[in-house]
Structure formats: C-alpha cells, structure tokens
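This is what each chain is made of:
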Amino acid sequence: MSIIIIGAGLAGLSAAVTLAQNGVSSNLISSMQSERAQSVMAEGGINACLNTMGEDDTVENHFEDTISSGMYLADAEAVRGMCAAAPGIVERLGSLGVPFSYNDKGIVQRSFGGQRKKRTAFVKSSTGKMLMTALIDETRKFEAQGLIKRYPNHCFIRLITEDNKCCGAVVRNTYTNRTVSLRGSVILASGGLNGLFDGMTTGTTQNTSDAAATVFSQGVELANLEMIQYHPTTIAIQGKRLLISEAARGEGGRLFINRNGKPWYFMEEKYPELKNLMPRDVVSAEMVQVAAMPECDSQVYLDMTAIEKNVWNERISDLREQCVHYLGIDPANKPIPVSPGIHFFMGGIRVDREHRTSMNGLYAAGECACQYHGANRLGGNSLLGAIYGGQIAAQTAMKEAADNTEEIIDIAEEPAEVSCGFARTVSEILYKALPILRKEEELIAAKEELNLLKSRAGNRAELNRLNLALAAVMSAIERRESRGAHKRTDYPDRDDVSFKKQSVAKISGDKIDISFKEIKGRRD
Amino acid sequence: MRITIKIKRQESREAEPYFQILVWDCDESTTVATLLREINAAVINDTSGEPVNEIAWECSCLQKKCGACAMVINGLPRLACDTKIGEIKSNRIIIEPLKKFPVVRDLIVDRSVLRENLLAIHNWLEREAVVNKKNTDLAYDASRCLQCGCCLEVCPNFTADDSFFSAAAFVPASRILSELPKRKKYEIVTEYKKHIYDGCGKSLSCHNICPAGIDVERKLSNSNSVAIWKRFFSKE
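As the structure is a prediction and not an experimental result, all values here were calculated from the model. (Residues numbered from 1 in each chain as written. Chains lettered and ligands numbered in written order. Predicted model: local features only at pLDDT ≥ 70, side-chain atom pairs only at ≥ 80, totals over all residues.)

### Quick notes on the overall build of chain A
Within chain A, the secondary structure is distributed over 15 helices and 27 strands. A globule of 524 residues ought to have a C-alpha radius of gyration of about 24 Å, and chain A, at 22 Å, matches this closely. C-alpha atoms of chain A, sized along the principal axes, occupy 65 × 55 × 45 Å. Burial status across chain A gives 57% buried among its 524 residues. A separation of at least 24 residues holds for 73% of the contacts in chain A among residues at least 6 apart in sequence. (Helix = DSSP H or I, 4+ residues; strand = E, 2+ residues; numbered from the N terminus. Rg over C-alpha atoms; globule rule 2.2 N^0.38 Å. Buried ≥ 20, exposed ≤ 12 C-beta atoms within 10 Å, placed from the backbone. Contact = placed C-beta atoms within 7 Å.)

Right under this line is the structure:
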C-alpha cells in the first residue's frame with residue numbers, strides 16, 4: 001500500500017509521519033522542499049489545554065472557545081476530537097525537541113485572541129518554523145527507512161479518477177519537466193487559497209490555490225469559500241502583507257486610533273473582558289468601523305511600548321526585529337501603524353470528520369480543507385488543525401486504501417500555468433468584492449466581471465482559477481447573513497435557521513452550483 | 001534611480017550560460033525580489049534590443065523566512081527578498097545563481113544535495129528529546145536554518161559532489177547533538193566526524209553570511225564539543 005500526499009508543510013508531514021509510524025509508505029509531493037512551506041511562517045503558537053498556567057483550563061474550554069469564535073459553523077464533534085488530542089500533540093512536539101519554554105508544571109503558554117485562558121504554547125514568535133524543523137527531522141528518519149519517498153520540486157497536475165474514485169495523481173517535476181502518474185489514494189495538504197489574492201495576503205507565493213481549483217474542476221466539493229480571515233494586524237510590504245503576530249497583543253500590545261486628536265483604545269472600551277484579544281473577525285471589523293468614523297483618523301496603531309524588557313527579549317525578540325527591519329520602527333519605543341490583511345482561509349475542500357472529501361480515495365487536511373475553524377479561526381488553532389487533520393486523514397486513508405502496487409508511468413502533457421497578469425486581474429476583482437464588510441451589488445458585479453473573463457482564460461489552469469474565484473464570490477452572494485468572517489452590510493444579522501450550514505460549491509460541466517448543507521460529521 | 005542589471009541566464013542544465021543586460025528604473029527601497037517580479041511582469045528588451053524572456057527564479061515567503069530566493073547579488077550570496085537596491089551602493093547590479101549547485105534554469109539551482117547530506121549524517125533524533133535551560137537557546141537557533149545554501153557559496157571546502165557537508169549540515173546537526181545524552185551514541189556522531197569535522201578547514205568564511213543571522217561559528221564549536229571532544233557544549 002502506498003499513499004500519495006500532495007504538500008510537505010505541516011499537515012503533509014504530519015500525515016506522512018503518521019503513515020510511517022504504522023508501517024505504511026507514502027510518496028510526498030511538494031513544489032519546493034519543506035523549509036519553503038507556508039507553515040514555517042506561522043508565528044504565535046499552537047493551542048492545547050495543558051493547564052500549566054494555574055488557570056484551571058479544560059479541554060471543554062478550548063472546545064467552547066473554538067466553536068463559539070467559529071460562530072457555530074464548525075463540526076462540533078470534529079472540534080471536540082481536535083481539542084482532546086491537542087495536549088498529546090503538543091507534548092509529543094516537545095519530545096521531538098521543539099524548544100518550548102518550561103515552568104514547573106510543563107510547557108509555558110501565552111494569551112491569544114478569542115481565548116479566555118492562556119492556552120497557546122509557543123517558541124518566541126517563530127513557532128511554525130520550530131515545529132517544522134522538528135517534523136522535517138522526524139520525517140527524515142522515515143525517509144531513511146524507505147517509508148517516506150520525497151518528490152521535491154514536483155507540482156500537482158490532476159487526480160486520476162474512475163467513477164468518482166480517486167486512484168492516483170499526475171505530477172510534474174518542475175526541474176526536468178518529466179510528468180508522471182502515480183497510483184494510490186491521495187491526501188491533499190496543499191495549503192490555503194492565497195493565490196486567489198495574489199500578493200495581497202500574509203502567505204507564500206507557493207500557495208497558489210491551483211490544487212484546490214483543479215480538484216474542484218474534477219468534481220470535488222468545496223465548502224465555506226466565503227469564510228476568509230482578515231488578520232487585524234498586518235502591514236503592506238513589497239509583494240505581500242507582513243503579519244504582526246497576535247502574540248504582540250497576547251503579550252500586552254494595545255490597539256488605538258486617534259479620536260479628536262487623542263488616542264482611543266476602542267477595543268478595551270467596547271470589549272472589557274477580552275479587550276484587544278477578541279476573535280480576529282471582531283477586531284478587524286471594529287478597526288474598519290472606527291477608521292471610518294468622522295471624528296477619528298484613518299490609521300489604527302498597535303502600541304507595544306509598555307511591554308517589559310524581559311518579555312521582549314525572551315518571548316517576542318524576533319517580532320521586534322521584524323518591525324525594525326521592515327518598518328524602521330522599534331515597537332518598544334513607538335506604536336506601529338497596522339491594518340487588517342488576508343491571512344487564512346477557513347473554507348476549502350469539504351471533508352467529513354474522518355477527512356474524506358466528496359470523492360472516494362481522496363482526503364484533505366490542513367488549510368486546504370474546510371474543517372475545525374467554522375466562520376472564524378482562533379489564533380493557535382491552525383498549527384493544531386494541520387497536525388491533527390494530517391493524522392486523521394492518514395489514519396482514514398490507511399484504513400480505506402486498497403493494496404496497490406507502486407506504478408510510475410510517464411505521461412506526455414504540456415504544462416499549463418496561470419500567468420501573472422491573469423492571476424492579478426482575478427485577484428483585483430476578488431479583493432474588491434470580498435473585503436471585511438461586503439455588499440451584494442459589489443459581489444454581483446464581481447461575478448459578472450469574472451464571467452466575462454472566461455473568454456480570456458488561456459488554458460485549463462486559468463479556467464480552473466477562474467471557476468474557483470467564481471465559486472468564492474457565489475458562495476458569498478448566497479450566504480445572506482453575517483457570520484464570523486463573512487459580514488454583509490445588507491444582511492447584518494446572523495440567521496441560524498437558513499445558514500447555520502455549510503455553503504457547498506460543486507461544478508458540473510461549466511455550471512457552478514452553490515447549496516447549503518447541514519454540518520454533518522460523516523459524508524453523505 | 002536608474003540601474004543597470006546584469007543577469008546570468010541559462011535556459012536549461014545543458015545550455016550555455018550568458019549574461020543579459022537591461023536598464024530599469026526603481027527606488028532605493030526596492031528589493032531584488034520585487035525587481036525580478038516587476039521585470040517578469042513587464043514586456044521589455046535588453047540593452048542589445050533582444051526581448052527579456054521570463055527570468056526563472058524561486059521565491060515563496062518574500063520575508064526571509066523560507067530561504068527559497070537565495071542567489072548571488074554583486075558577488076555575495078543573499079536572499080533576494082532581503083536585499084534592497086539602495087544597500088548595494090552601486091547602480092550596477094549583477095545577479096547570478098548560487099555557484100555551488102547545478103543550475104536548473106536561470107537563477108534556479110538544484111539544492112537537493114542539502115537534503116541528501118542531512119540524510120547521510122542521520123540528522124534525526126533517535127530517542128525522545130530532553131529540552132532544558134541548557135540547550136533551549138541552542139535548539140532554537142539551530143532550528144532556524146533556512147537550508148538556503150548561502151553559507152556554502154563562501155565555503156572554500158564545500159563542493160556539491162564531495163564528502164564534506166559544511167554549515168548547512170552542521171547547523172541542523174547541532175540541534176540533534178545538543179540532545180545527546182552522555183555515553184549514548186547516536187549514528188550522527190560517527191557521521192559528523194566523517195562529513196563535517198574532518199572536512200572543515202575552519203576558515204569560518206560562513207561566519208556573518210547567514211541571512212537568518214544564525215551564529216554559525218558557535219554551532220560548529222558546540223557540535224565539535226559534543227561529537228568530537230565528548231563533552232557537553234560550552235554555555236552560550
């Protein structure tokens with residue numbers, strides 16, 4: 001039995017290691033080596049109820065915070081499973097040598113957005129990089145045993161399917177242009193849909209969204225595509241947005257805007273319990289609203305000047321260096337200007353509790369999958385969701401996989417890529433239509449513009465990108481309510497009767513269909 | 001400012017490399033990464049009137065966290081996303097691929113040997129780690145290695161086809177070695193001596209070249225200390 005994993009970031013590595021621990025071999029496909037994956041950029045930490053901070057935290061608390069900040073759009077049982085597994089996952093990372101800090105009770109944790117307890121384990125603000133290094137080394141151990149075979153510099157071309165069953169994948173070596181087909185079940189761990197907003201997100205250029213767009217075109221269902229997280233504290237730098245980790249606020253940073261010439265700490269005034277650490281959707285929407293008030297300036301600032309020296313040195317020294325490097329401002333001395341930026345995609349490939357997609361033999365995990373985060377993700381749950389999701393996907397794939405003999409066949413196929421210009425055009429339309437506060441007329445205009453672009457799509461990849469973009473806009477049109485990251489000025493209220501459901505996008509022929517389905521744990 | 005850019009081009013592994021020269025307007029804060037993206041988005045000719053076809057190069061995070069965009073800029077190995085035109089102090093910019101690896105296309109090189117080398121020295125834990133106050137900082141710093149290959153560019157002892165693996169191996173190895181319990185022998189100890197200690201000329205040319213700012217020299221002395229002298233590394 002051999003399983004194909006597309007993507008060698010955190011979710012992909014987690015799946016590969018889980019398979020290898022069970023003696024199952026995998027082919028690990030990635031466009032670049034693991035050190036280049038977006039997971040290395042994750043900063044603030046990973047959530048788990050370790051209860052090391054004397055706050056009587058419980059797994060149930062973690063579950064409630066996750067579900068409620070996701071506005072009840074995540075599968076409760078799946079979230080319960082993730083939260084229950086979290087302490088074991090973080091302890092295991094410690095035993096893989098991740099240099100967490102320890103107190104006499106165990107791993108030290110920090111405050112993070114949307115959470116009532118200190119529950120986020122961290123290594124300064126380089127947590128993703130630390131986790132990835134540990135898991136890359138662990139993966140290497142199984143590579144040496146022949147259980148994990150890496151295909152670096154390979155991109156995913158398409159699935160091989162027979163009657164709604166996935167039997168393998170076609171991949172291309174981008175260094176040699178050799179294209180081959182591999183047989184076996186497939187776990188997609190291809191990351192978030194950043195390519196839909198080319199150069200406008202905090203993510204990498206490698207998260208093109210092409211893998212999700214391709215499987216969508218092959219009939220796989222996507223869900224909740226309208227749920228796009230704007231992180232409150234980002235800064236525009238060349239070619240992208242730079243994230244200022246939520247750790248900045250977790251360690252005492254405060255948001256303010258000048259109102260009538262005086263600083264107004266609006267989050268503290270409006271939300272006295274969690275203050276600056278409200279869930280990200282709430283903070284970002286507040287920032288947009290205060291900046292639009294006539295008595296306020298248009299710029300929100302993050303004030304970290306009261307953070308003590310030892311906290312800077314021991315917990316967020318790297319965050320400080322980053323501000324000095326990119327902004328020329330030392331945040332210990334001066335507030336920094338921040339604004340919300342696209343950071344995470346809660347929606348993606350629709351999976352059930354066992355991480356099965358709508359196609360047999362195809363599984364998805366990590367940011368490319370729609371699971372755990374509902375309408376808004378908690379900071380610290382993405383690393384956790386990637387590792388846990390990778391494990392579950394691997395376990396399910398392993399159970400269901402047929403014995404297959406490894407077979408590599410050369411295929412003659414011309415590579416098709418989305419051109420820079422086309423990507424940019426699609427991105428500009430989407431960015432205008434899918435801001436923090438959305439309006440129907442803008443969404444409908446975007447849908448029309450995207451439809452008009454169809455004649456300009458030069459190849460299959462561009463058409464797939466366009467269809468994915470259309471599906472996102474159409475999902476946003478159809479969800480006529482406001483929930484989590486999807487806020488509509490024309491439908492400002494939450495409507496549980498009609499919309500406490502997943503928006504599901506499916507393509508048949510040229511037609512994209514959006515429907516709303518119950519949030520079910522098991523696949524239909 | 002107006003700059004002259006000289007880029008080394010090579011269409012494939014087998015093709016002959018050549019330099020293409022073009023003139024470009026940008027401001028001092030522009031990074032080489034932005035420059036390459038803008039040139040690729042534009043339709044322009046070089047100084048001899050030939051079209052500038054898309055320049056192949058690798059990038060991912062664009063904020064010096066992933067190491068993808070390492071290349072040689074005016075003679076020094078650097079990350080394109082971390083190199084501003086204004087810092088170069090010349091209006092002539094020469095961009096070349098890293099020279100220690102086989103060229104795939106233009107500025108893309110095949111760095112697979114880095115991964116193979118870490119496999120060859122058994123760079124993984126053979127038991128549960130014990131992270132404590134003594135080795136936390138070391139493990140953190142060693143874990144930051146980007147595997148970009150900049151340190152190898154300047155190393156007089158490293159070539160891609162040789163048995164000496166250089167800093168891109170001994171920095172990650174120092175994380176594993178820092179975990180080493182007394183009197184327990186990991187495979188990595190033997191391999192470390194063969195592939196690092198015996199080949200390193202201690203020129204320390206890798207010092208101060210790491211784009212992540214890792215204290216490379218300290219990692220070497222830490223690892224030598226554990227693997228060769230059989231004692232725990234000196235305190236940071």
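Read on, since the account is not over.
### Digging into the overall build of chain B
Regarding its fold elements, chain B presents eight helices and seven strands. For chain B, buried positions account for 46% of its 236 residues. Taking the contacts inside chain B whose residues are at least 6 apart along the sequence as the reference set, 67% of them involve residues at least 24 apart.

### Overview of the environment of Y151(A)
Residues and elements named next belong to chain A. By secondary structure assignment, the location of Y151 is in strand β8 (residues 148-151). On the neighbour-count criterion, Y151 (19 C-beta atoms within 10 Å) is partly exposed. Between the C-alpha atoms of Y151 and Y265, which are 114 residues apart in sequence, the distance is 50 Å. Residues within four places of Y151 in sequence aside, it is in contact with N27, L28, I29 and V171.

### With respect to the sheet that holds strand β11 (residues 179-183) of chain A
All names here are of chain A. In spatial order, the strands read β9-β10-β11-β23; together these four strands make up an open sheet with antiparallel pairing. Edge strands, defined here as strands with exactly one partner in the open sheet, are β9 (154-161) and β23 (408-410). Across this sheet, the average inter-strand angle for adjacent strands is 25°, counted without regard to direction. Note: β9 against strand β10 (residues 166-173), seven bridges, orientation antiparallel. (Pairing = 2+ DSSP bridges. Axes fitted to C-alpha atoms, helices over the stretch in contact; angles between N-to-C directions.)

### Thoughts on the sheet that holds strand β13 (residues 222-223) of chain A
Residue and element names in this part refer to chain A. Pairing in this open sheet of five strands is mixed, and the strands run β22-β20-β13-β26-β27 from one edge to the other. In the strand order of this sheet, the two ends are held by β22 (369-370) and β27 (511-517), each with one partner. Two strands pair when backbone bridges link them, and strand β26 (residues 502-508) and β27 are joined in this way by seven bridges, in the antiparallel orientation. Each residue of the ladder has a partner; that of S503, found in β27, is F516. Contacts from helix α5 (residues 210-217) reach β13, β20 (348-350) and β26, with the element oriented near 40° to β20.

### Re α5(A)
Residue and element names in this part refer to chain A. Most of α5 is tucked away: seven of the eight residues are buried. Every buried residue of α5 is listed here: D210, A211, A212, A213, T214, V215 and F216. One or two residues past the end of α5 sits G219, with phi positive at roughly 100°.

### Here we look at the interface of chain B and chain A
The interface is formed by 37 residues belonging to chain B together with 33 residues belonging to chain A. Counting only elements with at least two residues in the side of chain B that touches chain A, the list comes to α1 (32-41), α3 (112-120) and α4 (136-143) of chain B. When residues of the side of chain B that touches chain A are assigned to their parent elements, the largest contribution, five residues, is made by α1(B). Among the residues forming the side of chain B that touches chain A, the class breakdown is 17 nonpolar, eleven polar and nine charged. (Nonpolar A, V, L, I, M, F, W, Y, C, P; charged D, E, K, R; others polar.)

### Notes on helix α3 (residues 76-95) of chain A
All names here are of chain A. When the terminal C-alpha atoms of α3 are compared, their 29 Å separation across 20 residues agrees well with the 28 Å that a helix rising 1.5 Å per residue should span. At A86, α3 shows its maximal bend, which comes to roughly 40°, and the proline P87 appears one to four places after that position. Those residues of α3 lying buried are A78, V79, M82, C83, A86, I89, V90, L93 and G94. Two residues or fewer past α3, G97 is found with a positive phi of approximately 95°. (Expected span 1.5 Å × (residues − 1). Bend = angle between axes of the 7 residues up to and from the residue.)

### Here's the deal with the domain arrangement of chain B
Residue and element names in this part refer to chain B. By the assigned domains, chain B splits into domain 1 (2-109) and domain 2 (112-227). Averaged C-alpha coordinates put domain 1 and domain 2 at centres separated by 29 Å. Looking at the side of domain 1 that touches domain 2, the elements that each hand over two or more residues are β3 (70-73) and β4 (76-79). Counted by class, the side of domain 1 that touches domain 2 contains seven nonpolar, one polar and five charged residues. (Domains from an automatic or database assignment.)

### Some words on unusual backbone geometry
Residue and element names in this part refer to chain B. Of note in this structure, L204 is not a glycine but carries a positive phi near 55°. By the secondary structure assignment, L204 is in the loop between α7 (187-197) and α8 (216-227). Even without being a glycine, N208 presents a positive backbone phi close to 65°. Mapped onto the elements of the fold, N208 is located in the loop between α7 and α8. On the basis of neighbour count, N208 is assigned to the exposed category, with 11 C-beta atoms found within 10 Å.

### Overview of the packing of α7(B) against α8(B)
All names here are of chain B. Their axes nearest at 10 Å, the elements α7 and α8 cross at an angle of 135°. When the interaxial angle is binned, α7 and α8 end up oblique. Considering only the axes of α7 and α8, their crossing is left-handed. Here V189, Y192, K193 and Y197 of α7 lie close against α8, whose contacting residues are S223, N224 and A227. Residues of the contact of α7 with α8, tallied by class, amount to four nonpolar, two polar and one charged. (Parallel < 35°, antiparallel > 145°, perpendicular 65-115°, else oblique. Left-handed = near helix turned anticlockwise from the far one by under 90°.)

### Some thoughts on the confidence of the model for chain B
When pLDDT is averaged along chain B, the result is 92; 96% of the residues meet or exceed 70. Here the predicted complex scores 0.97 on pTM and 0.96 on ipTM. (pLDDT = per-residue confidence, 0-100.)

### Digging into the environment of P337(A)
Here P337(A) is to be found in strand β19 (residues 336-345). Along the primary structure P337(A) and H231(A) are separated by 106 residues, whereas in three dimensions their C-alpha atoms are 14 Å apart.

### Comments concerning the environment of Y102(A)
Residues and elements named next belong to chain A. Looking at where Y102 falls in the secondary structure, it is placed in strand β4 (residues 102-103). Separated by 397 residues in the primary sequence, Y102 and F499 have C-alpha atoms spaced 44 Å apart. When sequence neighbours within four positions are dropped, the list of residues in contact with Y102 reads I107 and V108.

### A short note on the nonpolar core
Of all hydrophobic cores here, the largest spans 225 residues; its most connected members are I187(A), L188(A) and I349(A). The element contributing the most residues to this core is helix α14 (residues 460-478) of chain A, with ten residues. The residue makeup of this core includes at least three contributed by each of domain 1 (2-109) and domain 2 (112-227) of chain B. Among all residues touching I187(A), those that are not within four sequence positions of it are I3(A), I5(A), A15(A), Y363(A), A365(A), A393(A), A394(A) and A397(A). (Core = buried A, V, L, I, M, F, W, Y, C linked by C-beta atoms within 7 Å.)

### Observations regarding the pairing of β10(A)
The side chains of a regular strand alternate, residue by residue, between the two faces of the sheet. All names here are of chain A. Taking burial as the measure, the eight residues of β10 include six buried ones, the bulk of the element. Between β9 and β10, which pair antiparallel one after the other, the connecting turn spans four residues, and D163 there sits at a positive phi close to 45°. Note: β10 against β11, five bridges, orientation antiparallel. Bridge assignment links V171 to a residue of β11, and that residue is V180. Adjacent in sequence and paired antiparallel, β10 and β11 are bridged by five residues, among which N177 carries a positive phi angle near 70°.

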